[in-house]
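# A closer look at the structure
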Amino acid sequence: QVQLVESGGGLVQPGGSLRLSCAASASISSFNAMGWYRQAPGKQREFVALAFRDSRINIADSVKGRFTISRDGAKNTVYLHMNGLKLEDTAVYYCNASPGSTADYWGQGTQVTVSS
């Protein structure tokens, strides 16, 4: 069973920055894609960013230009770099790992709160 452990969430003022980390218990090269989703109170979980094994990257339009995603194979870790944070970015952020042929894995989530 693969485990994904997120860290780096917290409270930040509007315009601030955070970096989320997702450490996997398996080699991230074994996954077709790894990325991030988020869920705000009262809303459905939504896609944020994905990094594919072939180096392609997808970023949601709502965060494009502010958020980036990167992978470190040596550390089996995926990062979400968040800049220019807005109030509407407040959510629980979940790490996702997609093997491609079997069910996805999910982390437990990390809270990001943007507030003045």
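Now for a look at the structure at hand. (Residues numbered from 1 in each chain as written. Predicted model: local features only at pLDDT ≥ 70, side-chain atom pairs only at ≥ 80, totals over all residues. Heavy atoms only, no water.)

## Overview of the pattern of salt bridges
To keep things clear, this is the line we draw: Throughout this description, the term salt bridge denotes a Lys or Arg side-chain nitrogen within 4 Å of a carboxyl oxygen of Asp or Glu. Note on exposure labels: buried denotes an accessible area under 20% of the residue type's maximum, exposed denotes more than 50%, and partly exposed covers the range between, all computed with a 1.4 Å probe on protein chains only.
The full count for this structure, using the stated rule, is five salt bridges. Here R38 makes a salt bridge to E46, at a shortest N to O gap of 2.6 Å. The exposure class assigned to R38 is buried, which follows from its relative accessible area of 5%. Close ionic contact of D54 with R56 constitutes a salt bridge, the shortest N to O distance being 2.8 Å. Residue classification places D54 among the partly exposed residues on the basis of a relative accessible area of 48%. Taking the relative accessible area as the measure of exposure, R56 reaches 44% and is therefore partly exposed. Salt bridges linked by common partners bring R38, E46, R66 and D89 together as one network.

## Topic: the nonpolar core
Definition in use: Put simply, buried Ala, Val, Leu, Ile, Met, Phe, Trp, Tyr and Cys residues joined by side-chain atoms within 4.5 Å make one nonpolar core. Where helices and strands are cited, they refer to DSSP runs of H or I of at least four residues and of E of at least two residues respectively, numbered from the N terminus. Every residue pair with non-hydrogen atoms within 4.5 Å of one another is taken to be in contact.
L4, M34, W36, L80, M82 and Y93 are the most contacted members of the largest nonpolar core, which has 31 residues in total. Put simply, the parts of the chain that give this core at least two residues each are β3 (18-24), β4 (33-39), β5 (46-52), β7 (67-72), β8 (77-82), β9 (91-98) and β11 (110-114). In this view, Y93 contacts E6, L20, W36, Y37, R38, V48, F67, L80, M82, G109, T110 and V112; residues no more than four positions away in its chain are not counted.

## Some words on the side chain of N76
Selection criterion: We define a polar contact as two N or O atoms separated by no more than 3.5 Å, with the added condition that, inside protein, one atom must be a possible hydrogen donor and the other a possible acceptor, whereas residues neighbouring each other in sequence contribute only through side-chain atom pairs.
With respect to the helices and strands, N76 occurs in the loop between β7 and β8. Within the structure, N76 has its side chain in polar contact with the backbone nitrogen of I28 (distance 3.2 Å).

## Section: the side chain of D89
With respect to the element layout, D89 can be found in the loop between β8 and β9. Exposure remark for D89: the relative accessible area of 0% places this residue in the buried category. Separated by 2.7 Å, the side chains of D89 and R66 make a polar contact. D89 has contacts with R38, V63, R66, F67, G84, V112 and V114, leaving out every residue within four places of it along the chain.

## Focus: the packing of aromatic side chains
Let me state the cut-off plainly: Classification of ring pairs rests on two measures: the distance between centres of Phe, Tyr or Trp rings, Trp counted by its six-membered ring, which must be within 6.5 Å, and the angle between planes, read as stacked under 30 degrees, edge-to-face over 60 and tilted in between. We call a charge positioned over a ring when the NZ of a Lys or the CZ of an Arg lies within 6 Å of the ring centre and within 35 degrees of the ring normal.
Enumeration over the complete set of coordinates arrives at three aromatic pairs. Aromatic side chains Y37 and F47 sit 5.8 Å apart centroid to centroid with 70° between the ring planes, which places their arrangement in the edge-to-face category. Remark: F47 occurs in strand β5 and Y37 occurs in strand β4; sequence separation between them is 10 residues. Seen from their ring centres, Y37 and W106 are 5.1 Å apart, and the 65° between their planes marks the pair as edge-to-face. Taken together, the residues span a long stretch of sequence, with Y37 in strand β4 and W106 in strand β10 (residues 105-106) at a distance of 69 residues. When its relative accessible area of 38% is taken as the criterion, W106 is described as partly exposed. The structure contains a cluster of three or more aromatic residues connected by ring pairs, namely Y37, F47 and W106. A cation sits over an aromatic face here: R45 above W106, 4.7 Å from the ring centre. One residue, R56, lies across the ring of F52, its end atom 4.1 Å from the ring centre.

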